[in-house]
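# Observations on the three-dimensional arrangement
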Amino acid sequence: MVKLLHIEWLKVKNYKAFWVFLGLYVLGLFSVNYIAYQFQIEVKKNVPLDLFPYSFPKVYQTIAWISSLLLYFPGMLMILIISNEYTFKTHRQNIIDGSSRREFITGKILMGLMLSLITTLFVTLNAWGFGAAVSGKFSLEGIEFIGYSFVQSTCYLFFAMILAVLLRKSGLAITIFFMYGLIFEQLIGGFVDNKILNKHYFFYYMPLEVTDILVPMPFGGNMFFKDAPETYVLLFLSLLYISIFCFFAVRKFEKEDL
Amino acid sequence: MSVPVLSINKLTKKYGNITALDEVSFDVPSGSVFGLLGPNGSGKTTTLGIVMDILKQTSGSFQFSGKMPTADTRKNIGTLLETPNFYHYLSAQKNLEIAAAIKGRGKNDILAALEKVNLAHRKDSKFSTYSLGMKQRLAIASCLLGNPDLLVFDEPTNGLDPEGIAEIRTLILRLAKEGKTIIMASHLLDEVEKVCTHVAILKKGKLITAGAVDDVLVNEDIVEVSAYDITNLESVLLQLGGHFSTLKQVGNNFQLFFSMGKANLAEVNQHCFNHGIVLNHLQLKKKSLESKFFELTNN
């Protein structure tokens, strides 16, 4: 495990584009929360409405939800580091040099986990920073949303991974990643629920949506998702999807010509 | 006989209806420089790709030194397959550090490997700034990491200028002298002729022949003679005895086929003169490996 991470580390350590992208993402995480925070202040001036509560304990959920809007960016990074290997044919070279196929893809899975941990770390730091600044105190109440946020980002990243492994080309994988996440999941889910089942059911169980409901918007979440499954069901399904993405990525990489 | 370094047994690879490799079997003896020869698309790279686990065979098997292959086996083989594959955004040094890490080795011999291919002075330049020849040499440097006993080179002189080609040839011969086994795929016969001890010839995925170079690519010396008295020339030549294998008339010339190095022009001249024939044409022609190769692959 450590050896695999070390090899992945050597690959990204001097990769400027990777660090610039990651830096912008981390900056973006703070910025998007700061904008929401300012927006909340403006709203409060006019109406007593807590759209984006940045005080403990609600701050965890607010920041987890706001931050989830940016999950496409670490997803793109994930696609980039995998499709790079295909572009440079270094996925072949790594195997030729003595990695097993499983070791190689496990390295990528570990990278996905690392990116997810980095995301979660900065979500947490933002939550503590904003929470402490606004509340003038510190609290761990509601921190379960950080855990949900971790599950959510892992699911997004591994979805990005399976797209990269299946499609090999970064442009195509990134396009499909965005198109599916932003449009087609809603479209397919909405179509099945509204036209076939006539109730909100199927949509909630789709791979990205299931983690989205895990971290619902801090305002009106109960209204929008009033018939959503229980949290433990959502958690279980999220982990199931994560496992499925990993399983097929490993399988594809182990069985086929590289 | 010692266990072959690599033993390939009925290896077959199909892409849908196309059979890229058709029950190919051969052994690579220890310490040999083994040339895998064939025209483009004959299955050379496919064979090596399967052996390196980047392609999956449809059927058949292969063993390294009598053992089933594992990832660890590959750690002790230096392989250049098809093209130099490196991270474009990293320097030569950093790229080799990754290869060394995968092979489970330290960074100690990276500089030595770069020096062997004359790249040490550019070790900190990004791979993307390298010329084709430099990329190829970096790939060869990567093969030399950890001083493996088996080296696999797929078209090692691809993209090199004549000087670079000569350098690589010298390097291969030096490595062979050190007792290393080298498998080299090439469509350049000249290259194989100059360095290989053994050869396997592939055509359209089928193995045509395999064995020691001297057996497979028997080279012959051809002595071409002519005289005004062409009718008597033939009978006189036939009296030359069992030195040559065949006598062939080509136009106004006769061709005598000798095994390599056995033709003695002075002796032929003397013999004819002694029998009253004055030659007006006497020439030694080397039968090229190329024509031999075409002969083998065109049947």
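Residues numbered from 1 in each chain as written. Chains lettered and ligands numbered in written order. Predicted model: local features only at pLDDT ≥ 70, side-chain atom pairs only at ≥ 80, totals over all residues.

With that out of the way, let us pick up the overall build of chain A. Counting its secondary structure elements, chain A contains 11 helices and 0 strands. Starting at the N terminus and walking to the C terminus, you meet the elements of chain A as α-α-α-α-α-α-α-α-α-α-α. Taking 18 Å as the expected radius of gyration for a compact globule of 258 residues, we find that chain A reaches 19 Å, a close match to that expectation. Principal axes of the C-alpha set define a box for chain A whose edges measure 65 × 45 × 30 Å. Among the 258 residues that make up chain A, the fraction classed as buried is 40%. When contacts within chain A are restricted to residue pairs at least 6 apart in sequence, those whose partners lie at least 24 apart make up 79%. (Helix = DSSP H or I, 4+ residues; strand = E, 2+ residues; numbered from the N terminus. Rg over C-alpha atoms; globule rule 2.2 N^0.38 Å. Buried ≥ 20, exposed ≤ 12 C-beta atoms within 10 Å, placed from the backbone. Contact = placed C-beta atoms within 7 Å.)

What follows concerns the packing of helix α3 (residues 59–68) of chain A against helix α6 (residues 101–135) of chain A. All names here are of chain A. At a minimum axis separation of 9 Å, α3 and α6 run at an interaxial angle of 135°. Of the possible angle classes, the one that applies to α3 and α6 is oblique. Read as a crossing pair, α3 and α6 show a hand that is right-handed. In contact with Val59, Tyr60, Ile63, Ala64 and Ser67 of α3, α6 contributes Val123, Asn126, Ala127, Phe130 and Gly131. (Axes fitted to C-alpha atoms, helices over the stretch in contact; angles between N-to-C directions. Parallel < 35°, antiparallel > 145°, perpendicular 65-115°, else oblique. Left-handed = near helix turned anticlockwise from the far one by under 90°.)

What follows covers the nonpolar core. Residue and element names in this part refer to chain A. Counting 135 residues, the largest nonpolar core has Met78, Ala160 and Met161 as its most contacted members. Element by element, the count of residues in this core is highest for helix α7 (residues 144–167), at 15 residues. Apart from the residues lying within four places of it in its own chain, the contact partners of methionine 78 are Gly112, Leu115, Leu157, Ala160, Met161 and Ala164. (Core = buried A, V, L, I, M, F, W, Y, C linked by C-beta atoms within 7 Å.)

Let's shift gears to the environment of glycine 205 of chain B. Residue and element names in this part refer to chain B. Note on placement: glycine 205 falls in the loop between β8 (198–203) and β9 (206–212). Along the sequence, glycine 205 and serine 65 sit 140 residues apart, while their C-alpha atoms lie 24 Å from each other. Excluding its chain neighbours within four sequence positions, the residues that come into contact with glycine 205 are Thr19, Ala20, Leu21, Asp22, Ser42 and Gly43.

As a further point, take the interface of chain A and chain B. A common way to state how big an interface is: give the accessible area lost once the parts meet. Facing 22 residues of chain A, the contacting portion of chain B comprises 25 residues. Listing elements by their share of the side of chain A that touches chain B, those giving two or more residues are α1 (2–13), α5 (90–97) and α6 of chain A. For the side of chain A that touches chain B, the element with the most residues is α5 of chain A, which contributes 7 residues. The residue makeup of the side of chain A that touches chain B, split by class, is 7 nonpolar, 8 polar and 7 charged. (Nonpolar A, V, L, I, M, F, W, Y, C, P; charged D, E, K, R; others polar.)

Residues and elements named next belong to chain B. Across the sheet, 6 strands lie side by side as β5-β6-β7-β3-β8-β9; this open sheet has mixed pairing. Because the sheet does not close on itself, it has two edges, and the strands there are β5 (77–80) and β9. Looking at each pair of strands side by side, their axes are set apart by 10° on average, direction ignored. Taken together, the 4 bridges between β5 and strand β6 (residues 150–154) define a ladder with parallel strand orientation. Of the residues in β6, the one forming a bridge with isoleucine 77 is leucine 150. Across the sheet, helix α1 (residues 44–51) touches β3 (33–37), β6, β7 (181–186) and β8, and the angle it forms with β6 is around 140°. Its contacts with the sheet put helix α5 (residues 132–144) on β5 and β6, and the angle it makes with β5 is roughly 165°. (Pairing = 2+ DSSP bridges.)

Under the domain assignment used here, chain B contains domain 1 (6–216) and domain 2 (220–298). On a C-alpha basis, the centroid separation for the pair domain 1 of chain B and domain 2 of chain B is 41 Å. (Domains from an automatic or database assignment.)

Let us now look at the packing of helix α4 (residues 72–88) of chain A against α7 of chain A. Axis angle and axis distance: for two packed helices, these are the angle between their axes and the distance between the axes, and together they describe the pair. All names here are of chain A. Where α4 contacts α7, the two axes come as close as 8 Å, and the packing angle between them is 35°. Taken as a pair, α4 and α7 cross one another with a handedness that is right-handed. Seen from α4, the contacting residues are Pro74, Gly75, Met78, Ile79, Ile82 and Ser83; seen from α7, they are Ser153, Tyr156, Leu157, Ala160, Met161, Leu163, Ala164 and Val165. Partitioned by chemical class, the residues of the contact of α4 with α7 number 11 nonpolar, 3 polar and no charged.

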